[in-house]
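Letter by letter, the chains look like this.
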Amino acid sequence: MILIVISWIYILFTTINLGFLTDKIVKLKNQNFVITSILGLFSVTLLASIWAIFGRINIEFHIFLLLLNISISLRFKDQIITIYKLVLSQFKDFQIILKIVFIAITLLIIAQCSSIPFILDNESYYIQTIKWINEYGFIKGLANLHLFLGQTSGWHVTQSVFNFSFLYKNFNDLSGYCLLLGTFFSIQKLNDFYTTNNRNYLVVGLLPLFNIFLFQFISAPSPDVPVYIFSIILFFYFLENFKKPTPEVFYLIVILVLFLVYIKNTMLTFGIIPIILLTLHFKIFSKKLLIPILLTTLVISLFIIKNMIICGSPIFPSKSFNNLSMVYAIPDAIENFYYDSIKHYGYAVTAQQYNSMSSFHLFLKWLTLPKLHGLFNSLIIFLIILVPFFIYKFQNKKSLWILYIVMVLQLVLLFMTSPQYRFFMNFILFFSLFCFACLIQNKKIINSLLALSQVPVIIVLFISVNFNGFSNNTFMQKSSNFSISNIVFPHTNTKNNTNFITVKLGNLNYNSPINNDFFWGNGDGALPCVNKDQIEYFKKYFNTVPQMRTNDLKDGFYAKKLSGNE
């Protein structure tokens, strides 16, 4: 815990400095410390992405970042100190109960981040993705080694900066820092609601009610957490400024949307939000579009370049853009297999079942999935049906109807790709809180619920809980518990205590986990690391194996087509 706190102090210092500089360049006139830190995260992500094209995110990058930090601090010392004074002033303004809740949640977040990583994706590709960036930067054809590495997220680029791999190997908790930012923002807005009675403030202020869900993601660098937090903040600024948006707010909304898309490309539908604002207020923004255009061009360019290097095509996974692929691109048959597998996974059916079922029967299958999947899928449909009545009765505003339409479009997109509830959770969070805020505004009830909602978080964090009733996944049956041994040093980045063997395959020597039943699992093995079962599977069914492009790992991989006698 203590080491995480120290690392977060530096992350706060860095993101406030770079966020302040970004604010000054873009001229946002921002007065919120959380937004400043998010702007800093955005800036660090872009800088690190550019750097990773040419080299590793390691001590060299941190020297550059430190020099940049010092320069900004010296040049704008007084203005940056003012930001910290403002934070303290805002915290002092919190009502007593909200101060207690915020401090309690902060301690719980740090404890959770110090515990065993819970998310299964951490074992399949989070750890390895970040390790590759730390040691080599973006690697050509890396997805040929392990398909999941093609999903390298902008958030993993950010985590590769703030895991300080050259100093310590167990920092893996940037998502926890993000939740802490979201918690401060929500408590701040709830405190403001008690004086303004603005229902938008209440919706955002109720976010900690979902901590029992959010906490399961923060002991690993899950891109889902920043997507949820940034989405809620984006919705807030959109609702609050819909009728009279300033250029500064429009710039902020554009940055939040770009950051969300760079973190997770399934958030592409969010691009509708700034487009609608631009269309409705074109006279205001028409002469001030240079900054949004430049930022959009930069982010899209980095997104495409990242994918072209790692996957060999502009978008991964995709059945399109074959004509734009590089020589080391993933073979079409394998990429199509992966694309289809993701779609089938969302419905929990095989390829044969998917092809034989009608759209209606697929929908029924999706809706009646067991345990947590079925519960959230049912909640999605419930919200799609119920929310229009709440909007019409309680807040019949065009801005809310637009967000509702974006939600429907997001669901349609997911049905076409991979309808997993976690890709839709930001809308579940927001509109669930919206419905709740329409029904309850009593201060005592809200404060009581806010405090009581943290009790299950404490139970799950400190007592071993069996999740068999929520998930069929054998790898996610037990909760991630805090241990006294983690008061100073956080738990290792992996939940698996496995050994590795070195396997030689042509010109490639790779490390494979021993006795690992998780097909996609790598854990924290030394590079290059991939499960031997995967290699054998693609060799058997696709007649291809990964090979190094040269004798140097930094030159990447390609998929070698085997001849009949190999």
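Our structure is the block above this text.
Here the structure is a predicted model, which is why all the values come from computation and not from measurement.

Caption draft 1: Here's a closer look at the overall build of the protein. In terms of helices and strands, the protein carries 24 helices and 4 strands. Its C-alpha radius of gyration of 23 Å places the protein within 12% of the 24 Å reference for a compact globule of 566 residues. Along the three orthogonal principal directions, the C-alpha set of the protein runs to about 75 × 60 × 55 Å. Burial statistics for the protein: of 566 residues in total, 57% are counted as buried.

Caption draft 2: Quick peek at the packing of helix α20 (residues 398-416) against helix α21 (residues 425-439). In the contact formed by α20 and α21, the axes pass within 11 Å of each other and the chain directions differ by 145°. For the pair α20 and α21, the crossing hand works out as left-handed. When α20 is examined against α21, the residues Leu400, Leu403, Tyr404, Val406, Met407 and Gln410 are found in contact with a partner set consisting of Phe427, Phe430, Phe431 and Phe434.

Caption draft 3: Here's a closer look at the state of the cysteines. If you walk through the whole model with that rule in mind, you get 0 disulfides. Looking at Cys435, it has no disulfide partner, and the nearest cysteine sulfur is the one in Cys438, 6.2 Å off. Looking at Cys435, the relative accessible area reads 9%, which means it is buried. Here Cys438 falls in the buried class, since its relative accessible area comes to 5%.

Caption draft 4: Region of the structure containing the packing of helix α1 (residues 2-26) against helix α4 (residues 77-93). The geometry of α1 relative to α4 is characterised by a closest axis approach of 11 Å and an angle of 115° between their N-to-C directions. Of the two possible hands of crossing, α1 and α4 adopt the one that is right-handed. Facing Leu12, Phe13, Ile16, Asn17, Phe20 and Lys24 of α1, the residues of α4 in contact are Gln79, Ile80, Ile83 and Tyr84.

Caption draft 5: Layout of the pairing of strand β1 (residues 500-505). Sheet topology places β1 next to strand β2 (residues 508-513); 6 bridges connect them, and they run antiparallel. The residue of β2 that forms the bridge with Ile501 is Ser512. Where β1 hands over to β2, the hairpin turn is made up of 2 residues, of which Gly506 adopts a positive phi near 60°.

Caption draft 6: Focus on the environment of Ser153. Note on placement: Ser153 falls in the loop between α6 (121-135) and α7 (154-162). Ser153 sits in the buried class, given a relative accessible area of 4%. Spatially, the C-alpha atom of Ser153 lies 9.5 Å from that of Lys306, the residues being 153 residues apart in sequence. Excluding residues that lie within four positions of it along the chain, Ser153 makes contacts with Pro223, Tyr262 and Ile263.

Caption draft 7: Structural context of the pattern of salt bridges. As enumerated under the stated definition, the model contains 6 salt bridges in all. Here Lys131 makes a salt bridge to Asp524, at a shortest N to O gap of 2.7 Å. Taken together, the positions of Lys131 in helix α6 and Asp524 in the loop between β2 and α24 (532-542) put the pair 393 residues apart, joining distant regions of the chain.

Caption draft 8: Spotlight on the packing of aromatic side chains. In this structure the tally under the stated criterion is 62 aromatic pairs. With a centroid separation of 5.8 Å and an interplanar angle of 55°, the aromatic rings of Phe61 and Phe64 are classed as tilted. Remark: Phe64 and Phe61 occur in helix α3 (residues 59-75); sequence separation between them is 3 residues, near one turn of the helix. Accessibility expressed as a relative area gives 0% for Phe61, which makes it buried. We classify Phe64 as partly exposed; its relative accessible area is 31%. The structure contains a cluster of three or more aromatic residues connected by ring pairs, namely Tyr125, Tyr126, Phe148, Phe316, Phe337, Tyr338, Phe519, Trp520, Tyr537, Phe538, Tyr541 and Phe542. The ring of Phe394 carries the charged tip of Lys393 above its face, separated from the ring centre by 5.7 Å. It is Lys443 that lies over the ring of Tyr194; its NZ or CZ is 5.3 Å from the centre.

Caption draft 9: Molecular detail of α24. For α24, every residue scored as buried is listed here: Gln534, Ile535, Phe538 and Phe542. Summarising the axial view, the buried residues of α24 lie within an arc of 100°, below the 170-degree limit, and thus occupy one face. The inward-facing, buried residues of α24 contact α16 (332-347), β1, β2, β3 (544-548) and β4 (557-561). The distance from a side-chain oxygen at the start of α24 to the backbone nitrogen of Asp533 is 3.0 Å, and the residue carrying that oxygen is Asn531. Asn543, located one to two residues past α24, shows a positive phi value of around 60°.

Caption draft 10: Representation of a nonpolar patch on the surface within the structure. On the surface, Ile59, Ile63, Leu66, Leu67, Ile70, Leu74, Phe166 and Leu167 cluster together into a nonpolar patch covering about 780 Å² of accessible area. Its relative accessible area of 30% is what places Phe166 among the partly exposed residues.

Caption draft 11: Layout of the nonpolar core. Grouped together as the largest cluster of nonpolar side chains are 187 residues, with contacts concentrated most on Phe230 and Phe431. Here the element with the most residues in this core is helix α12 (residues 247-263); it accounts for 15 residues. Once residues lying within four places of it in the same chain are set aside, the contact partners of Phe230 are Ile38, Leu41, Trp155, Cys178, Phe259, Leu260 and Ile263.

Conventions used here
- Residues numbered from 1 in each chain as written.
- Predicted model: local features only at pLDDT ≥ 70, side-chain atom pairs only at ≥ 80, totals over all residues.
- Heavy atoms only, no water.
- Helix = DSSP H or I, 4+ residues; strand = E, 2+ residues; numbered from the N terminus.
- Rg over C-alpha atoms; globule rule 2.2 N^0.38 Å.
- Buried < 20%, exposed > 50% of the residue type's maximum accessible area, 1.4 Å probe, protein only.
- Axes fitted to C-alpha atoms, helices over the stretch in contact; angles between N-to-C directions.
- Left-handed = near helix turned anticlockwise from the far one by under 90°.
- Contact = heavy atoms within 4.5 Å.
- Disulfide = S-S within 2.5 Å.
- Pairing = 2+ DSSP bridges.
- Salt bridge = Lys/Arg side-chain N within 4 Å of Asp/Glu carboxyl O.
- Phe/Tyr/Trp six-rings, centres within 6.5 Å; stacked < 30°, edge-to-face > 60°.
- Lys NZ or Arg CZ within 6 Å of the ring centre and 35° of its normal.
- Arc of directions from axis to C-beta.
- Polar contact = N/O pair within 3.5 Å; in protein donor to acceptor, adjacent residues only side chain to side chain.
- Patch = residues over 30% accessible without salt bridge, like charges linked within 9 Å, V, L, I, M, F, W, Y side chains within 5 Å.
- Areas by Shrake-Rupley, 256 points an atom, 1.4 Å probe, with all protein chains shown as cover.
- Core = buried A, V, L, I, M, F, W, Y, C linked by side-chain atoms within 4.5 Å.

Remember, this is a structural readout, not a statement about activity or role.
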